[in-house]
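Spelled out, the chains give:
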Amino acid sequence: MLTAIQNNALQNTRLDEISFPATLTSIGEYAFESTRIKEAILPDAVTSVGRDAFANNRQLKNVKWSPNATTIPIRCFYDDQVIRSFDMPDEVTVIGDYAFCQNYQSSHRLPASLKSIGHRAFYDSRFSETMVIPDNTSIGEYAFSYCNNLKYITIGEGISYD
């Protein structure tokens with residue numbers, strides 16, 4: 001019974017498809033960095049994902065994040081330029097530094113439970129024209145810098161800046 005995928009397990013491979021077992025609870029750092037996977041559907045049992053786990057995947061188009069992994073870690077989807085669909089559950093509370101930096105997905109819906117957006121989390125990303133930042137969220141430096149498609153932003157109450 002597979003419960004964990006270790007650090008660097010499949011980094012820099014030609015892997016283009018993966019199906020995660022329902023028993024999986026953790027994915028290590030750099031586990032799928034620079035692969036060719038097109039879809040990442042994380043089972044609900046996943047509670048932790050390491051930094052850079054899916055970074056530099058230039059073919060990753062669809063992601064379904066586990067509702068039990070409340071943090072999207074540092075550089076998790078860094079430079080994944082073709083993500084079109086990202087299902088971010090309401091339970092996510094932290095988006096780490098550089099998590100979606102240089103990412104060209106079409107849209108993001110930030111959950112109301114979100115408490116922290118890391119430094120450069122969406123830096124140089126090309127998503128929708130509108131973004132709503134939930135109440136009481138901390139926003140890191142340069143979090144939305146160079147998001148050239150972003151035209152309208154609604155900022156909730158009690159926002160703080162790091």
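Below you will find a few notes about this structure. (Residues numbered from 1 in each chain as written. Predicted model: local features only at pLDDT ≥ 70, side-chain atom pairs only at ≥ 80, totals over all residues. Heavy atoms only, no water.)

Digging into the overall build of the protein
Secondary structure assignment for the protein yields 0 helices and 13 strands. Starting at the N terminus, the α and β elements of the protein follow one another as β-β-β-β-β-β-β-β-β-β-β-β-β. In terms of overall size, the protein behaves like a compact globule, its C-alpha atoms giving a radius of gyration of 15 Å where 162 residues would be expected to give roughly 15 Å. Dimensions of the protein along its principal axes, counting C-alpha atoms only, are 45 × 25 × 20 Å. About 7800 Å² of surface is accessible on the protein, with carbon and sulfur atoms providing 46% of the total. (Helix = DSSP H or I, 4+ residues; strand = E, 2+ residues; numbered from the N terminus. Rg over C-alpha atoms; globule rule 2.2 N^0.38 Å. Areas by Shrake-Rupley, 256 points an atom, 1.4 Å probe, with all protein chains shown as cover.)

Structural notes on the environment of C76
As for its position among the elements, C76 is in the loop between strand 6 (71–72) and strand 7 (85–87). Through-space distance from the C-alpha of C76 to that of N56 is 9.1 Å; in sequence the pair is 20 residues apart. With near-sequence residues (within four places) excluded, C76 lies in contact with V49, D52, A53, F54, A55, W65 and A99. (Contact = heavy atoms within 4.5 Å.)

Structural notes on the nonpolar core
By size, the foremost hydrophobic cluster in this structure holds 40 residues, and its most contacted members are F54, I72, F77 and I95. For F54, the contacting residues outside a window of four places in its chain are F20, I27, F32, I37, A40, L42, V49, L60, C76, F77 and D80. (Core = buried A, V, L, I, M, F, W, Y, C linked by side-chain atoms within 4.5 Å. Buried < 20%, exposed > 50% of the residue type's maximum accessible area, 1.4 Å probe, protein only.)

So, unusual backbone geometry
The phi torsion of most residues other than glycine is negative, and most of the peptide bonds are trans. Positioned with a positive phi, Y98 is a non-glycine residue whose angle comes to about 60°. Y98 sits in the partly exposed class, given a relative accessible area of 31%. Phi at Y146 takes a positive value of approximately 60°, unusual for a residue other than glycine.

Remarks on the sheet that holds strand 5 (residues 62–64)
In spatial order, the strands read 3-5-7; together these 3 strands make up an open sheet with parallel pairing. On the outer flanks of this sheet lie strand 3 (39–41) and strand 7, each paired with one strand and no other. Taken over all neighbouring pairs, the strand axes of this sheet differ in orientation by 5° on average, direction set aside. Here strand 5 runs beside strand 7; their pairing, made up of 3 bridges, is parallel. Looking at the pairing, K64 lines up with D87 of strand 7. (Pairing = 2+ DSSP bridges. Axes fitted to C-alpha atoms, helices over the stretch in contact; angles between N-to-C directions.)

Side note on the pattern of salt bridges
For the coordinates displayed, the defined rule picks out 7 salt bridges. Among the salt bridges present, the one from R75 reaches D52, with a minimum N-O distance of 2.7 Å. Of this pair, R75 sits in the loop between strand 6 and strand 7 while D52 sits in the loop between strand 4 (48–49) and strand 5, and the two are 23 residues apart along the sequence. Residue D79 pairs with R58 through a salt bridge whose shortest N-O separation is 2.3 Å. In this pair, D79 sits in the loop between strand 6 and strand 7 while R58 sits in the loop between strand 4 and strand 5, placing the two residues 21 residues apart along the sequence. Connected via shared salt-bridge partners are R51, D52 and R75. (Salt bridge = Lys/Arg side-chain N within 4 Å of Asp/Glu carboxyl O.)

Quick notes on the environment of Q59
Its place among the elements puts Q59 in the loop between strand 4 and strand 5. Separated by 24 residues in sequence, Q59 and T35 have C-alpha atoms that sit 8.3 Å apart. Here Q59 is in contact with R36, I37, K38 and V82, once residues within four sequence places are set aside.

Some points on the state of the cysteines
For the structure shown, the criterion picks out 0 disulfides. Left unpaired, C147 is separated from the closest cysteine sulfur, that of C101, by 8.9 Å. Classification of C147 as buried rests on a relative accessible area of 8%. (Disulfide = S-S within 2.5 Å.)

By themselves, these figures tell us nothing about what the structure is for.
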